[in-house]
Amino acid sequence: MASLNVGNLGEYLREQRRNAQLSLRQLADAAGVSNPYLSQIERGLRKPSADILQQLAKALRISAETLYVQAGMLDEREREELETRAVILADPSINERQKQVLLQIYDSFRKENALDTEAPESDSEPAAGPASASDSGRAARADGGSGVTHPHTD
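The model shown is predicted, which means the values in this text are computed figures rather than measured ones. (Residues numbered from 1 in each chain as written. Predicted model: local features only at pLDDT ≥ 70, side-chain atom pairs only at ≥ 80, totals over all residues. Heavy atoms only, no water.)

1. Brief notes about helix α4 (residues 50-60)
Along α4, the residues that are buried comprise Ile 52, Leu 53, Leu 56, Ala 57 and Leu 60. Buried residues of α4, seen end-on, are gathered within an arc of 140 degrees and therefore sit on one face of the element. Exposed side chains of α4 directed beyond 90 degrees from the buried face belong to Asp 51 and Lys 58. Just downstream of α4 lies Arg 61, where phi reads positive at about 60 degrees. (Buried < 20%, exposed > 50% of the residue type's maximum accessible area, 1.4 Å probe, protein only. Helix = DSSP H or I, 4+ residues; strand = E, 2+ residues; numbered from the N terminus. Arc of directions from axis to C-beta.)

2. Quick look at the pattern of salt bridges
Opposite charge on two side chains makes pairing possible when the charged atoms of those side chains draw close. Summed over the entire model, instances satisfying the criterion amount to 6 salt bridges. The residue Glu 81 makes a salt bridge to Arg 85 at a minimum N-O spacing of 3.2 Å. Residue Glu 81 and its partner Arg 85 are both found in helix α6 (residues 76-90); the two are separated by 4 residues, about one turn of the helix. Across the salt bridge formed by Arg 110 and Glu 81, the nearest N and O atoms sit 3.1 Å from each other. In this pair, Arg 110 is assigned in helix α7 (residues 96-118) and Glu 81 in helix α6, connecting sequence segments 29 residues apart. (Salt bridge = Lys/Arg side-chain N within 4 Å of Asp/Glu carboxyl O.)

3. Observations regarding a nonpolar patch on the surface
Together, Val 101, Ile 105 and Phe 109 give the surface a local cluster of nonpolar side chains, amounting to about 260 Å² of exposed area. Inspection of the secondary structure assignment puts Phe 109 in helix α7. (Patch = residues over 30% accessible without salt bridge, like charges linked within 9 Å, V, L, I, M, F, W, Y side chains within 5 Å. Areas by Shrake-Rupley, 256 points an atom, 1.4 Å probe, with all protein chains shown as cover.)

4. With respect to the confidence of the model for the protein chain
Of all residues in the protein chain, 72% have pLDDT values of 70 or greater, and the mean over the chain is 78. Of all secondary-structure elements in the protein chain, the lowest mean pLDDT belongs to helix α8 (residues 130-142), at 41, while helix α2 (residues 24-31) reaches the highest, 97. Every residue in residues 122-150 is under pLDDT 50, and counting partners more than four places away or in other chains gives 7 contacts. (pLDDT = per-residue confidence, 0-100. Contact = heavy atoms within 4.5 Å.)

5. Some points on the nonpolar core
Core analysis: the largest hydrophobic core is formed by 21 residues, its most contacted members being Leu 13, Val 33, Leu 56 and Leu 67. Elements with a contribution of two residues or more to this core: α1 (6-19), α2, α3 (35-42), α4 and α5 (64-70). A total of 5 residues in this core trace back to one element, the largest contributor, which is α4. What Val 33 contacts, discounting residues up to four positions off in sequence, is Ala 28, Leu 38, Ile 52 and Gln 55. (Core = buried A, V, L, I, M, F, W, Y, C linked by side-chain atoms within 4.5 Å.)

6. Observations concerning the environment of Gln 55
By secondary structure assignment, the location of Gln 55 is in helix α4. You can call Gln 55 partly exposed: its relative accessible area is 30%. Each C-alpha atom of the pair Gln 55 and Ala 30 lies 8.3 Å from the other, and the pair is 25 residues apart in sequence. In contact with Gln 55, not counting residues within four places along its chain, are Ala 31, Gly 32 and Val 33.

See the structure below:
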């Protein structure tokens, strides 16, 4: 787990609180934390737990994962994955079996793409690389070395 980036988290929380037009006291009350404790978090003096971040996120009506990313507790990709899963699971238009199948497909695509990005460069080299240059040289020799193709005359 990454170290907590408390300064940026505090600034981010303050910005979110102001956007929500809440006073420090109002947010503290809504999140169930003390006013001085919230003030210390916003000033970068305290490192809140994941539970406190979740309470603050709920009070601010933002995703807890967003706060976890700001705090350095969660990678941005992990947050996106969690949010995608949450949207799928919350969709009332599909049944539970369909949700599970969709999540399995999603997981398989993520794994496939992760393997593609981990492949060595030599394996993922485009076909138009150095081999193509030698192929064109062979083509030039086959037509007399000029590199220009001539139509057949009958």
